[in-house]
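# A look at the structure
Below, each chain spelled out in residue letters.
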Amino acid sequence: MADNEEIVDIGENYGEIKMGAGWFLTITLATSERYENEYIEIAKERGGQKKSRFNLNPKYTRVLGEALIKFADENGLE
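This one's a predicted model, so the numbers in the text were calculated from it and none came from an experiment. (Residues numbered from 1 in each chain as written. Predicted model: local features only at pLDDT ≥ 70, side-chain atom pairs only at ≥ 80, totals over all residues. Heavy atoms only, no water.)

## Remarks on the pattern of salt bridges
All told, the structure shown has two salt bridges when counted by the stated rule. A salt bridge links E41 to K50, with the shortest nitrogen-to-oxygen separation between them at 2.6 Å. Look at K50 and you get partly exposed, because its relative accessible area is 36%. The shortest N-O distance in the salt bridge between E41 and R53 comes to 3.5 Å. Here E41, found in strand β4 (residues 38-46), pairs with R53, found in strand β5 (residues 49-56); they are 12 residues apart in sequence, far enough to count as distant. For R53, a relative accessible area of 57% gives the class exposed. A single salt-bridge network, built from bridges that share partners, covers E41, K50 and R53. (Salt bridge = Lys/Arg side-chain N within 4 Å of Asp/Glu carboxyl O. Buried < 20%, exposed > 50% of the residue type's maximum accessible area, 1.4 Å probe, protein only. Helix = DSSP H or I, 4+ residues; strand = E, 2+ residues; numbered from the N terminus.)

## With respect to the sheet that holds β5
Here five strands make up an open sheet; going across it, the order is β1-β2-β3-β4-β5 and the pairing antiparallel. Edge positions in the sheet fall to β1 (8-11) and β5, since each has one partner strand and no second. Sheet twist, expressed as the average angle between the axes of neighbouring strands with direction ignored, equals 15°. As defined by bridge partners, strand β2 (residues 14-18) adjoins strand β3 (residues 24-31) across five bridges and the pair is classed as antiparallel. Each residue of the ladder has a partner; that of Y14, found in β3, is T28. (Pairing = 2+ DSSP bridges. Axes fitted to C-alpha atoms, helices over the stretch in contact; angles between N-to-C directions.)

Below, the structure is given as structure tokens:
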């Protein structure tokens, strides 16, 4: 598999993971205009079109990351 630095691009309030066939997993810090609070949007995107999204409370961001790492370790994933 490619080096992680080649497939992960992180900037201010934005990150993306390059997946196959032109797909990207995007991570964005966004603000709700209606409720005036911040949230993390995780979306699967191709050609500028978001196909599916998930909004996450920012206080759970680190917990989700750690859970994904633990899941990968326990299931022998890269």
